[in-house]
Amino acid sequence: NAGVTQTPKFRILKIGQSMTLQCTQDMNHNYMYWYRQDPGMGLKLIYYSVGAGITDKGEVPNGYNVSRSTTEDFPLRLELAAPSQTSVYFCASSYASGNYEQYFGPGTRLTVT
Amino acid sequence: AQTVTQSQPEMSVQEAETVTLSCTYDTSESDYYLFWYKQPPSRQMILVIRQEAYKQQNATENRFSVNFQKAAKSFSLKISDSQLGDAAMYFCAYRSAVDYGGSQGNLIFGKGTKLSVKP
């Protein structure tokens, strides 16, 4: 099992550009999450999904969009990139909520200049 | 809203010694889960240990153990026989056991503690 994979690993965007961060998991997990990690901070939830076709906002959703057309994939879309979106983005998945472990991808470092 | 506080931005330990990382949290809930995650320089988030709030017994995983004090809302991580590979950022995280329909399964993280291990 590859687990949770994310692409790209690094990206530099200009202000106003758009991009999609890809996330795929091969563990047949229902739950998937997108977090961002700012320097010196813990992770904050952007969006999450409890199954294909179902998504909902987390703590910091502004400036982002998601879709979940399959169980495996959960892409994160950045529209009109801003310097405030410079961060490291992590995708995670879990079988369910509660005590189930969330498995994290390796992260994408995004810089907006 | 729940919050997680890690009051030690940095800690240092000698190899083979024991170190304790502190974590406190604020919640009005009685049922929840607590986690410690490790983030080495590779950035990969790795689950170290987890604790269910309804369990009085402290969780242990090999050299890692926790001291869970529910009344004090404290959840410290003890690393015994520290190894060079333990050097990393450590994050304490909280998850509600109740689904409010707003952020199901959401982990609430502290700011982290950077652990250095001296040879």
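Notes on the structure follow. (Residues numbered from 1 in each chain as written. Chains lettered and ligands numbered in written order. Predicted model: local features only at pLDDT ≥ 70, side-chain atom pairs only at ≥ 80, totals over all residues. Heavy atoms only, no water.)

**Examining unusual backbone geometry**
At step 1: Residue Pro 8 of chain A is bonded to the preceding Thr 7 of chain A through a cis peptide linkage, with omega at -5°.
At step 2: Along the chain, the position of Pro 8 of chain A falls in the loop between strand 1 (4-7) and strand 2 (10-13).
At step 3: The phi torsion at Arg 43 of chain B lies on the positive side, around 80°, for a residue other than glycine.
At step 4: Within the secondary structure, Arg 43 of chain B is located in the loop between strand 5 (32-39) and strand 6 (46-52).
At step 5: Located in the positive-phi region is Asn 62 of chain B, a residue other than glycine, with phi close to 55°. (Helix = DSSP H or I, 4+ residues; strand = E, 2+ residues; numbered from the N terminus.)

**Brief notes about the sheet that holds strand 7 (residues 64-66) of chain A**
Residue and element names in this part refer to chain A.
At step 1: Read from one edge to the other, the open sheet built from four strands follows the order 1-3-8-7, with strand pairing classed as antiparallel. A strand with exactly one partner marks an edge of an open sheet, and here the two such strands are strand 1 and strand 7. If you compare each strand with its neighbour and ignore which way they point, the axes differ by 20° on average.
At step 2: Examined bridge by bridge, strand 1 and strand 3 (residues 19-25) share four bridges and lie antiparallel to one another. Along strand 3, the bridge assignment pairs Gln 6 with Cys 23. (Pairing = 2+ DSSP bridges. Axes fitted to C-alpha atoms, helices over the stretch in contact; angles between N-to-C directions.)

**Considerations on the state of the cysteines**
At step 1: For the structure shown, the criterion picks out two disulfides over all chains.
At step 2: A sulfur-sulfur separation of 1.8 Å characterises the disulfide bridge that pairs Cys 23 of chain A with Cys 91 of chain A. Taking the sign of the S-S torsion, about -70° here, the bridge from Cys 23 of chain A to Cys 91 of chain A comes out left-handed. Of this pair, Cys 23 of chain A sits in strand 3 while Cys 91 of chain A sits in strand 9 (residues 87-94), placing them 68 residues apart in sequence. As far as burial versus exposure is concerned, Cys 23 of chain A and Cys 91 of chain A are alike and both buried.
At step 3: Cys 23 of chain B shares a disulfide with Cys 92 of chain B; S-S distance 2.0 Å. Its S-S torsion of approximately -70° makes the covalent link between Cys 23 of chain B and Cys 92 of chain B left-handed. Of the two residues, Cys 23 of chain B sits in the loop between strand 3 (19-21) and strand 4 (24-26) while Cys 92 of chain B sits in strand 10 (residues 88-96), which places them 69 residues apart along the sequence. Across this residue pair, the class does not change: Cys 23 of chain B and Cys 92 of chain B are buried. (Disulfide = S-S within 2.5 Å. Buried < 20%, exposed > 50% of the residue type's maximum accessible area, 1.4 Å probe, protein only.)

**Focus: the interface of chain B and chain A**
At step 1: On the side of chain A, 30 residues touch chain B, which itself brings 23 residues to the contact.
At step 2: In total, chain B and chain A occlude about 2100 Å² of area from one another, counting both sides; carbon and sulfur atoms represent 45% of this.
At step 3: A salt bridge links Arg 50 of chain B to Glu 101 of chain A; the shortest N-O distance between them is 4.0 Å.
At step 4: For the pair chain B and chain A, the interface holds seven residue pairs in polar contact (both at pLDDT 80 or more).
At step 5: Of all the secondary-structure elements, those providing two or more residues to the side of chain B that touches chain A are strand 5, strand 6 and strand 10 of chain B.
At step 6: Among the residues forming the side of chain B that touches chain A, the class breakdown is eight nonpolar, ten polar and five charged. (Contact = heavy atoms within 4.5 Å. Buried area = accessible area lost by both parts, 1.4 Å probe. Salt bridge = Lys/Arg side-chain N within 4 Å of Asp/Glu carboxyl O. Polar contact = N/O pair within 3.5 Å; in protein donor to acceptor, adjacent residues only side chain to side chain. Nonpolar A, V, L, I, M, F, W, Y, C, P; charged D, E, K, R; others polar.)

**Brief notes about the pairing of strand 12 (residues 113-118) of chain B**
Consecutive side chains along a regular strand alternate between the two faces of the sheet.
Residue and element names in this part refer to chain B.
At step 1: By the alternation rule, side chains of strand 12 split into Thr 113, Leu 115 and Val 117, which are all buried, and Lys 114, Ser 116 and Lys 118, of which none is buried.
At step 2: Sheet analysis places strand 2 (residues 10-14) next to strand 12, joined by five bridges and oriented parallel. Bridge pairing links Met 11 to Leu 115 in strand 12.
At step 3: Sheet topology note: the strand 10/strand 12 ladder contains three bridges and is antiparallel. Following the sheet pairing, Ala 88 is matched in strand 12 by Leu 115.

So far we have only geometry, and geometry alone does not tell us how the molecule works.
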